[in-house]
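Inside the fold
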Amino acid sequence: MSRSKTAFLFDLDGTLVDSVYQHVLAWKEALDREGIELSVWRIHRKIGMSGGLFTQILLRETGIEITEERVARLRRWHAEAYGRRADAGGVQPLPGARELLAWLTEAGLPWAIATSGRMETAAHNLAALGVDPARVPVVTRDDVRHAKPDPDLFVAAAERLGVDIQHALVLGDSIWDMLAAQRCRALGVGLLSGGYGQEELERAGAFRVYEDPADVLRHIDEIAARD
């Protein structure tokens with residue numbers, strides 16, 4: 001009896017593209033512009049969740065009044081600041097990212113990308129990765145009601161691939177990715193390339209943790225089920 005092929009659902013920032021710290025600095029710039037003082041390390045701990053939830057949590061921590069206008073400004077300023085960094089060449093694929101995607105394609109294993117970012121920021125990363133969203137399933141914050149740590153992004157990505165989410169692997173670099181994977185009953189695979197530690201990712205539900213996409217490819221036999 002043949003086994004169902006494993007579907008791979010990838011987060012984007014910090015999982016396939018080395019962009020987490022560029023996002024952190026872009027959020028720092030946006031917050032400074034709004035007159036909100038917040039340490040960089042506090043910003044980093046929220047990267048990976050949806051931008052709207054991210055800004056609301058940060059503003060709640062600072063005790064500053066949350067308004068829709070303020071959240072919209074922060075999101076716009078973050079997108080502008082991130083775009084400048086990306087256009088300056090500050091965003092590159094992580095080691096082994098292109099090779100891993102090529103291997104999956106060659107092996108006939110379905111894969112998709114699901115990111116908490118909106119397309120206005122995700123487009124920079126997809127271009128750096130060489131992924132055409134017209135040819136590859138890409139789900140962004142624009143496509144779902146709730147982003148991580150809710151599971152909507154990964155559920156939508158599995159649906160676009162036409163696979164059962166319980167036969168999918170969620171590969172991500174943050175605890176928010178792993179929590180979302182648990183909530184949709186997918187298996188979570190953690191990567192250290194976003195700055196979270198192995199124990200943090202495992203506590204959030206990762207059943208395997210690797211350094212980066214290159215390390216995933218070296219150990220692909222541990223997680224990929226093929227016919």
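One can find the structure itself at the top, above this paragraph.
Reference entry: report on the structure contained in this document. (Residues numbered from 1 in each chain as written. Predicted model: local features only at pLDDT ≥ 70, side-chain atom pairs only at ≥ 80, totals over all residues. Heavy atoms only, no water.)

Turning to the packing of helix α1 (residues 20–33) against helix α4 (residues 68–87), a few remarks are in order. The description of two helices packed together rests on the angle between their axes and the distance between the axes. At a minimum axis distance of 8 Å, the contact between α1 and α4 shows a crossing angle of 135°. With respect to their mutual orientation, α1 and α4 come out oblique. Crossing of α1 against α4: the hand is right-handed. Each of Gln22, His23, Leu25, Ala26, Trp27, Glu29, Ala30, Leu31 and Arg33 in α1 lies in contact with α4, whose residues at this interface are Leu74, Arg75, Trp77, His78, Glu80, Ala81, Tyr82, Arg84 and Arg85. For the contact of α1 with α4, the per-class residue count stands at nine nonpolar, three polar and six charged. (Axes fitted to C-alpha atoms, helices over the stretch in contact; angles between N-to-C directions. Helix = DSSP H or I, 4+ residues; strand = E, 2+ residues; numbered from the N terminus. Parallel < 35°, antiparallel > 145°, perpendicular 65-115°, else oblique. Left-handed = near helix turned anticlockwise from the far one by under 90°. Contact = heavy atoms within 4.5 Å. Nonpolar A, V, L, I, M, F, W, Y, C, P; charged D, E, K, R; others polar.)

Quick look at the packing of α4 against helix α6 (residues 119–129) now. As a packed pair, α4 and α6 sit with axes 9 Å apart at the nearest point and diverge in direction by 15°. As judged from the angle between their axes, α4 and α6 are roughly parallel. Of the two possible hands of crossing, α4 and α6 adopt the one that is left-handed. Contact with α4, carried on its side by Arg75, His78, Ala79, Tyr82, Gly83, Ala86 and Asp87, involves Glu120, Thr121, His124 and Asn125 of α6 and no other residues of that element. The residue makeup of the contact of α4 with α6, split by class, is three nonpolar, five polar and three charged.

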